[in-house]
Amino acid sequence: PRSDCVVAEQLCLSDSTCNATYRILENCALAKTRLLPLDHDSRVRCLNAELDLGNSSLLNCKCHRRMKRQEHCLRVYWTVHSSVTDGYFNLETSPYENPANEEHWKTDYNKLAALVSGKNCSQLAGDATNPCLKETHVCNLSKKCVRLRTDYASTCTRAAGSEDVCDRRKCLRGLRNFFEKVPEDFTKRILFCPCQDEFCGERRRKTIVPDCSFQSNTKPSCLWLLDLCLEDPFCKSRLADFQQNCQPADTSPDGCSLHNHAACLQAYMGMIGTPMTPNYVSNSSVEVSLWCTCESSGNQKEKCDQILGMFESNKCL
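As a convention, each chain's residues are numbered from 1 in the sequence order in which they are written. Only residues with pLDDT of at least 70 are given local features in this predicted model, and only at 80 or more are side-chain atom pairs given and counted; all residues enter the totals for whole chains, interfaces and linings. Side-chain measures here rest on the full set of heavy atoms in the structure, leaving out hydrogens and waters.

- The protein chain is annotated in an unreviewed UniProt entry as GFRA4 protein of Tyrannus savana.
- UniProt positions are given in the numbering used here, feature names are shortened, and annotations may be inferred rather than shown by experiment. Under Subcellular location (unreviewed entry), UniProt gives the following word-for-word description of the protein chain: "Cell membrane".
- Heading Sequence similarities (unreviewed entry) of the UniProt record for the protein chain holds this comment: "Belongs to the GDNFR family."

**Structural notes on the packing of helix 12 (residues 222–230) against helix 15 (residues 301–312)**
Phase 1 of the analysis: Axis lines are fitted through C-alpha atoms, for helices just across the contact stretch, and the angle between N-to-C directions can take any value from 0 to 180 degrees. Note on conventions: DSSP H or I runs of at least 4 residues are helices, E runs of at least 2 residues are strands, and numbering of each starts at the N terminus. Look at helix 12 against helix 15: their axes get within 9 Å of each other, and the N-to-C directions meet at 70°. Relative to helix 15, the element helix 12 is oriented roughly perpendicular. The residues of helix 15 that touch helix 12, namely those facing Cys222, Leu223 and Leu226, are Lys303, Cys304, Ile307 and Leu308.
Phase 2 of the analysis: Three classes are used, and their members are as follows: Ala, Val, Leu, Ile, Met, Phe, Trp, Tyr, Cys and Pro are nonpolar, Asp, Glu, Lys and Arg are charged, and the others, Gly among them, are polar. Residues that form the contact of helix 12 with helix 15 fall into these classes: 6 nonpolar, no polar and 1 charged. Convention used here: angles under 35 degrees read as roughly parallel, angles over 145 as roughly antiparallel, angles from 65 to 115 as roughly perpendicular, and any remaining angle as oblique. Any pair of residues with heavy atoms lying within 4.5 Å of one another is described as a contacting pair.

**Some points on helix 4 (residues 70–80)**
Phase 1 of the analysis: Per-residue accessibility, obtained with a 1.4 Å probe over protein chains only, is compared with the maximum for each type, and a residue is labelled buried under 20%, exposed over 50%, and partly exposed between these values. Of all 11 residues in helix 4, 8 are buried, a share of seventy percent or more.
Phase 2 of the analysis: The set of residues buried in helix 4 consists of Gln70, Cys73, Leu74, Val76, Tyr77, Trp78, Thr79 and Val80.

**Focus: the environment of cysteine 200**
Phase 1 of the analysis: Structurally, the position occupied by cysteine 200 is in helix 10 (residues 198–205).
Phase 2 of the analysis: For cysteine 200, a relative accessible area of 0% translates into the label buried.
Phase 3 of the analysis: C-alpha separation for the pair cysteine 200 and cysteine 132, spaced 68 residues apart in sequence, amounts to 6.2 Å.

**Concerning the state of the cysteines**
Two cysteines joined by a covalent bond between their sulfur atoms form a disulfide.
Phase 1 of the analysis: Two cysteine sulfur atoms form a disulfide, by the criterion used here, when they sit within 2.5 Å. Scanning all chains against the criterion turns up 14 disulfides.
Phase 2 of the analysis: The disulfide bridge from cysteine 5 ends at cysteine 61, spanning 2.1 Å between sulfur atoms. The S-S bond linking cysteine 5 to cysteine 61 shows a torsion near 95°; that makes this disulfide right-handed. Taken together, the residues cysteine 5 in helix 1 (residues 5–13) and cysteine 61 in the loop between helix 3 (40–52) and helix 4 connect sequence positions 56 residues apart.
Phase 3 of the analysis: At a sulfur-sulfur separation of 1.9 Å, the disulfide partner of cysteine 132 is cysteine 193. Around the S-S axis, the bridge from cysteine 132 to cysteine 193 shows a dihedral of about 95° and counts as right-handed.

**A short note on the nonpolar core**
Phase 1 of the analysis: One finds Leu175, Phe178, Phe179, Phe242 and Met276 to be the most contacted residues of the largest nonpolar core, which totals 47 residues.
Phase 2 of the analysis: Excluding residues that lie within four positions of it along the chain, phenylalanine 178 makes contacts with Cys145, Leu148, Arg149, Tyr152, Thr187 and Ile190.
Phase 3 of the analysis: Buried Ala, Val, Leu, Ile, Met, Phe, Trp, Tyr and Cys residues form a nonpolar core when they are joined through side-chain atoms within 4.5 Å. The next biggest cluster of nonpolar side chains, apart from the first, holds 23 residues, and it includes Ala49, Val76, Trp78 and Val80.

**A word on the confidence of the model for the protein chain**
Phase 1 of the analysis: Values of pLDDT, the confidence the predictor places in each residue, fall between 0 and 100. Averaged over all residues, the pLDDT of the protein chain equals 83, while 82% of them reach at least 70.
Phase 2 of the analysis: In this model, residues 101–109 is a region of pLDDT below 50 whose contacts with residues beyond four sequence positions or in other chains number 17 contacts.
Phase 3 of the analysis: In this model residues 119–126 is a low-confidence stretch, pLDDT under 50, and it forms 5 contacts with partners more than four residues away in sequence or in other chains.

**Concerning the environment of asparagine 279**
Phase 1 of the analysis: Of note, asparagine 279 is situated in strand 1 (residues 278–280).
Phase 2 of the analysis: Assessed through its relative accessible area of 2%, asparagine 279 is described here as buried.
Phase 3 of the analysis: Along the backbone, asparagine 279 and lysine 206 are 73 residues apart, and their C-alpha atoms lie at a distance of 8.8 Å.
Phase 4 of the analysis: Setting aside residues no more than four positions away along its own chain, asparagine 279 makes contact with Arg205, Ile208, Pro210, Phe214, Tyr268, Glu287, Val288 and Ser289.
Phase 5 of the analysis: Polar contacts, as used here, are pairs of N or O atoms within 3.5 Å; protein pairs need one atom able to donate a hydrogen and one able to accept it. Residues neighboring in sequence count only if both atoms are side-chain atoms. A distance of 3.0 Å separates a polar side-chain atom of asparagine 279 from the backbone oxygen of arginine 205.

**Topic: unusual backbone geometry**
Phase 1 of the analysis: A positive phi angle is found at valine 209, which is not glycine, with a value near 50°.
Phase 2 of the analysis: Relative to the helices and strands, valine 209 is located in the loop between helix 10 and helix 11 (210–213).
Phase 3 of the analysis: By relative accessible area, valine 209 is classed as buried at 15%.
Phase 4 of the analysis: Non-glycine residue serine 296 carries a positive phi angle of around 60°.
Phase 5 of the analysis: Since its relative accessible area comes to 81%, serine 296 is described here as exposed.

**Looking at the pattern of salt bridges**
Phase 1 of the analysis: One side-chain nitrogen of Lys or Arg within 4 Å of one carboxyl oxygen of Asp or Glu is enough to make a salt bridge. Under the defined criterion, the tally for this structure stands at 8 salt bridges.
Phase 2 of the analysis: The shortest N-O distance in the salt bridge between glutamate 71 and arginine 176 comes to 3.9 Å. Separated by 105 residues along the polypeptide, glutamate 71 in helix 4 and arginine 176 in helix 8 (residues 168–181) bring together distant segments of the chain.
Phase 3 of the analysis: Among the residues examined, glutamate 71 registers a relative accessible area of 35% and is labelled partly exposed.

Structure below.
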């Protein structure tokens, strides 16, 4: 079985040869993180170190969503795969284990839904026309769901000091906590509830409190957002996972190269709470986008359009 990267790192560090190779790769990854240019000899040394790992458990390790020490695991993964991060479309190998191989985090959602339907008919009278409201009521029946939802909602709406702005970093961390720790039975239904009118669509669009987590006064460059993401092992991992599972294919009937929409939606949710947090663009459609622009991207406009297009015009998503 494929080991997780935390275990693989411990095994490697206990072996003198593997340890020495791993230390070389750590220096390579550090230089890349700090955007330090590597000379020819250094690049060769880094590539050789990666090759020296051969078929070791370290080279083939993966991480699990929701695992303890997840960020440490992801840091190890990118240390031994630092050579694959040169270009945007080289991130298509996800550091995460295939969801089908992971332990399922299940909750008896139907039981809770039945509780809701019989709990207070007058309170839920509008649920038929506003499914997003119903999903909120279902979340309220789970202590963990309501606690973590309340946590991020209050953080994302609270003004910081005397300025009338929220603490974006804390807001994004709260969102990550919610989507990481609450079972997907709840999070998927809250985020993807089907709407027939704009009142429902407005509630769905505001699920992640976009005034804080998504929007800003001006739209930054999508290339700047990408750079910000690639500097963070967590965001880079979620982007790689998104690229792998939401890779569009024009020749495929379902628009997906992997033919797995559930994995794509899970990868999309994984982007929420990162610097590249996506969201719905209006109350009347399910179109999503990043909050960024490709204006003034010069000779990198094609690359910028590809980044934005992964969300705005992705048939798979």
